[in-house]
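Residue-level structural notes
Chain by chain, the residues:
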Amino acid sequence: MKDRKKIKSILYHLIVITFSYVMIYPLLWMFFSSFKDNSEIFRYAHILLPQRFNFENFLIGWRGFGGISFSVFFRNSFILSIIGTLGAVLSSALVAYGFSRNKFKGKKIWFGFMIATMLLPYQVVMIPQYIMFNRFGWVNTFKPLLVPSFFGQPFFIFLIIQFIRGIPIELDEAAKIDGCSKYSIFFKIILPLITPALITATILSFLWRWDDFLGPLIYLNRPTLYPVSLALRMFADPSAISNWGAMFSMATLSIIPGLLIFIFFQRYLIEGIIATGIKG
Amino acid sequence: MKKYKTYSILCVLFVLFLLLGNIGLSAEPITLRISWWGSQTRHDRTLKVLELYNKLNPNVKFETEFGAFSGYWDKLAVQAAAKNLPDIIQIGYGYLEEYAGRGLLAEITPFVDKGIISFKDASPAIKEAGMVEGKLYAVCLGMNAWAIAYDPLAAEKAGISISKTGLWTWNDYRRFAKKIYEATGLKAELPFMDEPTNILAYYLQQNGLNLYNSTGTGLGFSDPKYMQEILEIFLDLVKSGAAPHPSEYAVTRSLEDSLLVKGKAWLYWLWSNQFVALAQAAKRPLSLTLPPRGKNPGLFLNPSQFFVISANSKYKEEAAKFINFFVNNIDANKILLAERGVPTSSKVRKALKDIVDPIVKQTFDYMDLAARNSIPTVPRQPAKASEIKKLGQEIFQKVLYGEISPADGAKEFMKRGNEILQGK
Amino acid sequence: MTRKSQPKKSWLFLIINWEEKLMNEKYSFFKRVLNSENTSGYVFILPWILGFLIFTIIPILSTLFLSFTKYDLLTSPRFIGFENYIRMFTNDPKFIKSLKVTFFYVFVSVPLKLTFALMIALLLSYNSKLSPLYRAIYYIPSMMGGSVAIAVLWKRLFSSDGTINALLNLVSIHTDISWIGNPKTAIWTLIILAVWQFGSSMLIFLAGLKQIPVSYYEAASIDGANVFQRFFRITLPLLTPIIFFNLVMQLINGFMTFTQAFIITEGGPLNNTLFYALYLYQRGFQFFDMGYACAMAWFMLIIIAILTSLIFKSSNFWVYYESKEE
């Protein structure tokens, strides 16, 4: 009986591990290819490990193109991701509290609009937004990518609302009896309690902004402004690329910030995703 | 006392500094925005020339916007809409009329009249190439032409000799391709699969026709048989295996990733200036030859790229000065090394002849050969040319994938092509 | 970054101070107004309302207006009535193709993805010491899937001399098919890419599974229900709200897919991967055809609205809600 259980358990792990391997094989392949030279990538495409670890690709890749190195692109990505994330998370927290703990006229309508914009394809607003920002003279600056984030982002508003709903309303009521206004309730009671949701939103926002491609593609025309995503695509352009190893080395580097964040904040991320899905 | 001395020295220095500074800055400091597409080699060489220009003209700084071809036109279109085009723009022949027609480009004639831009070492055709409806908008940066690069050893193995002067017919082309495939397993790559209208235009010109009519309001030919014939030639080769399956070309790939470089093909259609990159990547001797001949010459000497000045530029004259430097300065061209095609200035060409490497020399020789086998004028590229190219690509793919017959493909191209050009 | 965040912070404190001042009896009128929930609610959602008006409503209406014009971004828009919409359906085979391609992609990849997500979630719901690690590994692809790095990688994996063919070669399936170049297989490389990113849906399922009380299963076992019966009678019905949520989100994401097709297949071969969002981008930003692109955007909006409302309507029939306290 015990043996059978053991065999079953081994079998289970075997299946799960095999499948895990299939899942991350592409990523492993990319990682190891960044140490291979071109001919090795092509001729031994089926061999995962490089014949020898060759760090030269990273040096070549880091040089970037046309005198602009990847340090510039990474800096741009960090600026865009961090500032945008701050704006999105803070403003979303305010709005979420407004929706979840205040009864006001027209709330239902506004909330409906908010949910509807969650379902709104970006393409619908893309062209007029472009025309508008262009008129502001914001093209070729980070502004079109950063400013809108300070006005709340429906997905995060929704996420935080879900979280606030889990906080007992008795806390608010007790504070109210103590003479707290809606505003101080938010800053003194709710804000500290929703930290996990804020962390989740921060992580997701950072990851999405880091990977954003269409926005920078439209708004940023100067290589010195490119974030990593756009630079990678220019770097990997089929009509220009000749050094796949260097390309993969930069592609590998580009996913490292996301990976690190995931490893350190796994718990929050998973809990956050679960929260939005479960109670939706 | 000592203090006073230090002060006075400082004052003198300060005044001197101001004066010197003023002399140095006698010209107003300006920043020119410049954009181009290309490969890493081109980026590096162009940036070096900008550096050189900045050294000679310290008041002129550059802000560069460069990338690869595929995203270039999207970006430019967006910038045009924003009335935010760079001062100096590299532009391709197929786009010149479109941009000039939209009033996005500045006329260059005043700068030629003032002697800022000189065409005196270039043939009249070069200047003409930059004209749209009688007005000069663009300065040609180099000349290239369609060409065939091939592996002479592969041909030899199959017992075939290809004349350097390309005195072969389309029938020879088919026959050779099949023979070499049988003997060596090597294929003849399909021509210009990202822009197959090139091969159509070539074939039409051989028959005394043009892809576009002279007003740019329709196709220049009314009989679908030409397109059908050219499609049939390549469909036949694909079917027999002598040419690769079109799926090889579904995704744009670099020269360095071509089947020829990987040793799976022996023949490659290209623009002559690309030969340098191709030969270097292939790491085996390659030859250049003229494409198969027809009744008339099908080639033309093509202005590979232009520099234009945007209509919204604040520094048109400075931009013009730089363009002239780029085209006519010998030191600058010693850095560029004909990477944008054979230079237009005869003086520059002469200066380069001695220093260019053997592969570049091959392209120079080829251009001489092509010049003798070309139609005299550069065919017109109407404003909708970019859309026609996309359509041509679609039709070529459909036919070569076997979805529709060459006859139907030709008919569809004629119908939709004319619709696009008529602005429907 | 810190410089930008500081004014934001002090702004928050200002509000607190200001608000505390108002708490004084002297300002009782303001206090009453400000503290009425009508006001406070609007104060809090004000950022979003502003953003909604400026960055959503005005652009949406402009898109609607532009969709009735011919507009090349340079000359001012010219009103042409319904011409763009008519052209979409009568004289633009590429538009029809892009619709077909997108629908195929969405309706194949979303169910596949959700099925996978559910299957793996079931597999991982057995607790072991390694569970967190497994969970992480399965989740990582969905975290990076949209990035350019992955798109570029995919292109390499599925090319004719790529890794997939090399691996197939090992198990003596010899092929040099270009998966991306072949019109029949190209869309599948993108579908595989989408399915590969089942991680976040899986996490949501996993959480849902954990919420199902063990007592349900125990009771079922006593009644003699087998594994499959338990799955179809208990697990699946209780998961339907989550399936519903996943379905809506994934459908919309599917319709908006852009980067992958833009980089990996460029819409080809034979326009077989010409996604709607990609064609819209091409029309607008490659052919200067902004009016038409705006018409396409509005049509996309209508499709998504219809689809979501259909799903919402149908949810009455298949989504099982436990009695809720609310």
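Residues numbered from 1 in each chain as written. Chains lettered and ligands numbered in written order. Predicted model: local features only at pLDDT ≥ 70, side-chain atom pairs only at ≥ 80, totals over all residues. Heavy atoms only, no water.

**Looking at the overall build of chain A**
The criterion, for reference: Comment: elements are numbered from the N terminus, with helices defined as DSSP H or I runs of at least four residues and strands as E runs of at least two. Between the two quantities, the radius of gyration covers C-alpha atoms and the globule rule is 2.2 Å times the number of residues to the power 0.38. For every residue, the accessible area (1.4 Å probe, protein chains only) is compared with the maximum for its type, and the residue is labelled buried under 20%, exposed over 50%, or partly exposed between those bounds. It only takes one pair of heavy atoms within 4.5 Å for two residues to be counted as in contact. Areas reported here follow the Shrake-Rupley algorithm with a probe of radius 1.4 Å; residue values treat only the protein chains shown as occluding.
Each helix and strand counted, chain A has 14 helices and zero strands in total. Counting helices and strands in the order they occur from the N terminus, chain A gives α-α-α-α-α-α-α-α-α-α-α-α-α-α. Over its C-alpha trace chain A gives a radius of gyration of 24 Å, far above what one expects of a compact globule, namely 19 Å for 280 residues. Projected onto its principal axes, the C-alpha coordinates of chain A cover approximately 75 × 70 × 30 Å. Here chain A holds 280 residues, and 60% of them are scored as buried. Counted over contacts in chain A with a minimum sequence separation of 6, partners at least 24 positions apart contribute 72%. Of the roughly 11,800 Å² that chain A leaves accessible, carbon and sulfur atoms contribute 68%.

**Looking at the overall build of chain B**
Put simply, the rule is: For the purpose of charge, His is not counted, nor are the chain termini; Lys and Arg are scored as positive and Asp and Glu as negative. Every charge is mapped to an atom, namely NZ of Lys, CZ of Arg, CG of Asp or CD of Glu.
Scanning chain B from N- to C-terminus turns up 17 helices and eleven strands. Reported as C-alpha extents along the three principal axes, the dimensions of chain B are approximately 100 × 50 × 35 Å. The burial tally for chain B puts 57% of its 424 residues in the buried class. Carbon and sulfur atoms make up 55% of the accessible area of chain B, which totals about 18,000 Å². Where the 52 positive side-chain charges of chain B centre and where its 42 negative ones centre are 4 Å apart.

**Looking at the pattern of salt bridges**
Our working rule: The term salt bridge refers to a pairing of a side-chain nitrogen on Lys or Arg with a carboxyl oxygen on Asp or Glu at a separation within 4 Å.
Per the stated rule, a full pass over the model turns up 22 salt bridges over all chains. For B:Glu317, the salt bridge identified is with B:Lys114, shortest N-O distance 3.2 Å. On the criterion of sequence distance, the pair formed by B:Glu317 in helix α12 (residues 316-328) and B:Lys114 in the loop between α5 (109-113) and α6 (124-129) is long-range, its members being 203 residues apart. A relative accessible area of 34% places B:Glu317 in the partly exposed class. Between B:Glu387 and C:Arg283 there is a salt bridge, with its nearest N and O atoms 3.7 Å apart. Taken as a pair, B:Glu387 in helix α16 (residues 385-400) and C:Arg283 in helix α14 (residues 276-285) lie in two separate chains rather than in one. Assigned by exposure class, B:Glu387 and C:Arg283 land together as buried. Salt bridges sharing common partners tie together B:Glu387, C:Arg87, C:Arg283 and C:Asp289.

**Section: the interface of chain A and chain C**
For clarity, the cut-off: In this description, buried area is defined as the sum, over both parts, of the accessible area (probe of 1.4 Å) that is lost when the two are combined. Throughout this description, a polar contact denotes any pair of N or O atoms lying within 3.5 Å of each other; where both atoms belong to protein, one of them has to be capable of donating a hydrogen while the other can accept it, and for residues adjacent in sequence the pair is counted only when both atoms sit in side chains. Following the grouping adopted for this structure description, the nonpolar residues are Ala, Val, Leu, Ile, Met, Phe, Trp, Tyr, Cys and Pro, the charged ones are Asp, Glu, Lys and Arg, and the polar ones are all others, Gly among them.
Between chain A and chain C, the residue contacts involve 98 residues of the former and 103 residues of the latter. Summed over both partners, the interface of chain A with chain C comes to about 9,000 Å²; 80% of that surface belongs to carbon and sulfur atoms. Along the contact surface separating chain A from chain C lie 13 residue pairs in polar contact (both at pLDDT 80 or more). Broken down by element, the residue count for the side of chain A that touches chain C peaks at 17 residues, all from helix α14 (residues 244-279) of chain A. Of the residues contributing to the side of chain A that touches chain C, the split by class is 70 nonpolar, 20 polar and eight charged.

**Re the side chain of B:Asn84**
Mapped onto the elements, B:Asn84 comes out in the loop between α3 (69-81) and β3 (88-91). Looking at B:Asn84, its side chain comes within polar contact range of the side chain of B:Arg33, at 3.1 Å. Excluding residues within four positions of it along the chain, B:Asn84 makes contact with A:Val139, A:Asn140, B:Arg33, B:Gln79 and B:Asn312.

**Observations concerning helix α14 (residues 346-353) of chain B**
All names here are of chain B. Here is the rule: This arc is taken over the directions from the axis of the helix to the C-beta atoms.
For α14, every residue scored as buried is listed here: Val348, Ala351 and Leu352. Here the buried residues of α14 occupy an arc of 95° about the axis, which is enough to place them on one side. Of the surrounding elements, those touching the buried residues of α14 are α12 and α13 (330-336). A side-chain oxygen of the first residue of α14 lies 3.2 Å from the backbone nitrogen of Lys347; this N-cap is Ser345.

**Looking at the packing of aromatic side chains**
Filter applied, for reference: Centres within 6.5 Å are what make two rings of Phe, Tyr or Trp a pair, Trp counting through its six-membered ring; a difference in plane orientation under 30 degrees is then read as stacked, over 60 as edge-to-face, and the rest as tilted. Two limits define a charge over a ring: the Lys NZ or Arg CZ must be within 6 Å of the ring centre, and within 35 degrees of the ring normal.
One pass over the structure, following the stated rule, counts 95 aromatic pairs over all chains. Judged by centre distance (5.5 Å) and plane angle (20°), the ring pair of A:Trp62 and A:Phe74 falls under stacked. A residue pair is termed long-range when its members are at least 10 positions apart, and A:Trp62 in helix α3 (residues 56-62) and A:Phe74 in helix α4 (residues 70-101) qualify at twelve residues. Look at A:Trp62 and you get partly exposed, because its relative accessible area is 35%. Its relative accessible area of 10% is what places A:Phe74 among the buried residues. The side chain of C:Arg87 reaches across the aromatic face of C:Tyr292, ending 4.1 Å from its centre. The positively charged end of C:Arg156 is found above the aromatic ring belonging to A:Trp244, 4.9 Å away from the centroid.

**Let's talk about the sheet that holds strand β6 (residues 138-144) of chain B**
Each strand in a sheet pairs with its neighbour through backbone hydrogen bonds, running either in the same direction (parallel) or in the opposite one (antiparallel). All names here are of chain B. To keep it simple, the criterion reads: Criterion used throughout: strands pair if DSSP finds at least two bridges between them. Axis angles are defined between N-to-C directions and span 0 to 180 degrees, where every axis is a line fitted to C-alpha atoms and, for a helix, only to the segment in contact.
With mixed pairing, five strands are arranged side by side in an open sheet as β2-β1-β3-β11-β6. Only two strands of the sheet have a single neighbouring strand rather than two, namely β2 (60-67) and β6. Direction aside, the axes of adjacent strands within the sheet are offset by 20° on average. Bridging between β6 and strand β11 (residues 302-309) involves six bridges; their strand directions are antiparallel. The residue of β11 that forms the bridge with Met143 is Pro303. Packed on one face of the sheet, α12 meets β1 (30-37), β2, β3, β6 and β11 and runs near 150° to β11.

**Some thoughts on the domain arrangement of chain B**
Residue and element names in this part refer to chain B. Here is the rule we go by: Residue ranges assigned to each domain were obtained from an automatic or database domain assignment.
When cut into domains, chain B gives domain 1 (29-142 + 303-367) and domain 2 (146-298 + 384-421). Distance between the C-alpha centres of domain 1 and domain 2: 29 Å. Across the boundary between the two partners, domain 1 contributes 13 residues, which contact 17 residues of domain 2. Here domain 1 meets domain 2 over a buried area of about 1,100 Å², counting both sides, of which 60% is carbon and sulfur. It is Ile359, Gln362 and Tyr366 in domain 1 that bury the most area against domain 2; as a group they hold 48% of the surface buried on that side.

**Things to note about the domain arrangement of chain A**
All names here are of chain A. One can read the domain layout of chain A as domain 1 (2-59) and domain 2 (66-279). Taking only C-alpha atoms into account, the centre of domain 1 sits 32 Å from that of domain 2. The largest share of the area that domain 1 buries against domain 2 comes from Met30, Asn38 and Phe58, three residues that together contribute 51% of it. The interface formed by domain 1 and domain 2 includes one residue pair in polar contact (both at pLDDT 80 or more). If you list the elements that add at least two residues to the side of domain 1 that touches domain 2, you get α1 (2-33), α2 (38-43) and α3. Among the elements that make up the side of domain 1 that touches domain 2, the one with the highest residue count is α1 (five residues).

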